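Chain by chain, the residues run as shown.
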Amino acid sequence: MNEFAVLSLLGVSALVAVFGYRKELRKSRDCCEALWEQQRRLSESEEAFRAFFEQHCVGFAITDENGRWLKVNDRLCEILGYEREELERLAWHELTPAECLREEMPHFESFLSPRSSNERCLEKQYIRKDGALVDVVVSTKILEPSTKHGVRLASTVHDVSDRKRLLNALAARASELVRHREAIITSMAVLSEFRDGETGEHIRRTKEYVLLLLERAYSDCPARFRGEWGYPREDFELIGSSAVLHDIGKVGVPDRILLKPGPLTPEEFDTIRTHPIIGSYALRKAETTLENAEFLKYAHEIVTYHHEKWDGTGYPYGLAGEAIPLSARIMAVADVYDALVTERLYKKAFPHEKAVDIIASESGSHFDPELVKVFLECAGEFRAISER
Ligand SMILES: [Fe+2]
Ligand SMILES: [Fe+2]
């Protein structure tokens, strides 16, 4: 090969090398730019996350699987009353009251097990640095994937103390109202009891029978006694309490008739039959006097209609079937059973079996047949109440 050819070859090789180098250079420059762009985006999102973490009105924390707070935001420090450096040396269980911890620890351990859901939310208390308890709602998520240092958990901590205080105040107010309601009902019942010459035991038992029938009708006869035909379960206690008022109208019946030991004349019996109307009138007066007398609704039904009969032959209005409110139909069974098995001025006590036979024989005439079925299923429990 002559020198020219060698030079030409060298020249071509040099050109190829230069072009190749420039291409590589361009590639690595593009690569650098992409990396810078990625870095820039990462810092931006880190900043956004940091701002979110720090400025949010909710407490945030990153913890390890031992519950140690690795990173907390200002709001969490504020909720717990600690400086950041102090809090980041503690674990959540060190600030959890002992009674809360006993319940929470097993849940936390199962939360970390591989099969569990990776999110949980619970309402709990923390002990602040000043010793006060703070009510919080903590939502925790296990961060995926776990780092080389182990599992990381992210939690939000909402301070719900104010909401809790408000709810407690409302609950206290509600229970105070219930106590007032009970006091009104009891005092009215005691008056009617004194007047009637019956013992407080009749009143106590009828309340228990009514509650028993309500519960059994609710659980054993779903279609008939639930939904629009029945009562909400939370009203059962009120219906039971209202039952004690059933004969309150007897305060308007003269002693010579009410306490007469022998059989009543038809006129005297007519006077006795006015007691549902008298009671109904008294309750209506109470309803108009009291601002919120919603609680007297069941008492009103029971007082007014407890002597109505399923076949329409009862009093005071001769209502029949489901036109008679359910509470009054239940009351009728309870009241008659108790009257049968106890001694009264005008009669001896019947044995339980005879009382059951009488009620069964009046199914569909005096009593709602479905309620008689319920009664027969729990007749043993009626007997237990009557013998207490
Ligand atoms: Fe009555
Ligand atoms: Fe009664």
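Cut-off values and rules
- Starting from 1, residues in each chain are numbered consecutively following that chain's sequence as written.
- For this description, chains carry letters from A and ligands carry numbers from 1, given in the order in which they are written.
- Thresholds applied to this predicted model are a pLDDT of at least 70 for local features of residues and 80 or more for the giving and counting of side-chain atom pairs; totals over whole chains, interfaces and linings are not thresholded and use all residues.
- A run of DSSP states H or I qualifies as a helix once it reaches four residues; a run of E qualifies as a strand once it reaches two. Both are numbered from the N-terminal end.
- Three exposure classes are used, all based on how many other C-beta atoms lie within 10 Å of a residue's own C-beta (placed from the backbone): buried at 20 or more, exposed at 12 or fewer, and partly exposed between those limits.
- Every axis in this analysis is a line fitted to C-alpha atoms, fitted for helices over the stretch in contact. Angles between the N-to-C directions lie between 0 and 180 degrees.
- In these notes the angle categories are as follows: under 35 degrees is roughly parallel, over 145 is roughly antiparallel, 65 to 115 is roughly perpendicular, and the rest is oblique.
- By convention, the crossing between two helices is left-handed when the near helix turns anticlockwise from the far helix through less than a right angle, and right-handed when the turn is clockwise.
- Note on contacts: each residue gets a C-beta atom placed from the backbone, and two residues are in contact if those atoms are within 7 Å.
- Strands pair, by our definition, only if DSSP identifies at least two bridges between them.
- As a per-residue quantity, pLDDT reports the predictor's confidence and falls between 0 and 100.
- In this description, a nonpolar core means buried residues of the types Ala, Val, Leu, Ile, Met, Phe, Trp, Tyr and Cys, linked to one another by C-beta atoms lying within 7 Å.
- For this classification, the nonpolar set comprises Ala, Val, Leu, Ile, Met, Phe, Trp, Tyr, Cys and Pro, the charged set comprises Asp, Glu, Lys and Arg, and every other residue, Gly included, is treated as polar.

(A) Up close: the overall build of the protein chain. For the protein chain, the helix and strand inventory stands at 16 helices and 5 strands. By the burial criterion, 26% of the 388 residues in the protein chain qualify as buried.

(B) The packing of helix H12 (residues 297-305) against helix H13 (residues 326-341), seen in detail. Viewed as axis vectors pointing N to C, H12 and H13 meet at an angle of 55 degrees, and their least axial separation amounts to 8 Å. For the element pair H12 / H13, the angle class is oblique. Seen along the crossing, H12 lies across H13 with a hand that is right-handed. On H13, the residues that touch Tyr298, Glu301, Ile302 and Tyr305 of H12 are Ser327, Ala328 and Met331.

(C) Quick peek at the pairing of strand E2 (residues 69-72). The pairing of strand E1 (residues 59-64) with E2 spans 3 bridges and is classified as antiparallel. Its bridge partner lying in E2, Ala61 is registered against Val72. Turn length for the E1-E2 hairpin, with the two strands adjacent in sequence and antiparallel, is 4 residues, and the turn residue Gly67 shows positive phi of about 85 degrees.

(D) Inspection of the confidence of the model for the protein chain at higher detail. Of the residues in the protein chain, 86% reach a pLDDT of 70 or more, and the chain-wide mean stands at 85. Mean pLDDT across the secondary structure elements of the protein chain bottoms out at helix H7 (residues 222-225), with 64, and peaks at helix H14 (residues 352-361), with 97.

(E) A look at the nonpolar core. Judged by nonpolar contacts, the single largest core of 46 residues is most densely connected at Leu213 and Val333. Elements that contribute at least two residues to this core include exactly helix H5 (161-196), helix H6 (200-220), helix H8 (236-243), H12, H13, H14, helix H15 (369-377) and helix H16 (379-387). Counting residues in each nonpolar core, the second largest holds 13 residues, with Val72, Leu76, Tyr82 and Leu95 among its members.

(F) Structural detail: the packing of H13 against H14. Relative to each other, H13 and H14 sit at 140 degrees, their axes nearing to 9 Å. When the axes of H13 and H14 are compared, the crossing they make is right-handed. Residue-level contacts link Val333, Val336, Tyr337, Leu340 and Val341 of H13 to His352, Ala355, Ile358 and Ile359 of H14. Here the contact of H13 with H14 is composed, by residue class, of 8 nonpolar, 1 polar and no charged.

(G) Molecular detail of unusual backbone geometry. For the peptide bond that leads from Tyr315 to Pro316, omega is 10 degrees, which places it in the cis range. In this fold, Pro316 is placed in the loop between H12 and H13.

(H) Broad picture of the environment of Val251. Following the sequence through the fold, Val251 ends up in the loop between H8 and helix H9 (255-258). Along the sequence, Val251 and His275 sit 24 residues apart, while their C-alpha atoms lie 7.9 Å from each other.

(I) Seen up close, the environment of Ala217. When you line up the elements, Ala217 lands in helix H6. A tally of 26 C-beta atoms within 10 Å means that Ala217 is categorised as buried. The spatial distance from the C-alpha of Ala217 to the C-alpha of Ile330 is 9.7 Å, given a sequence separation of 113 residues.

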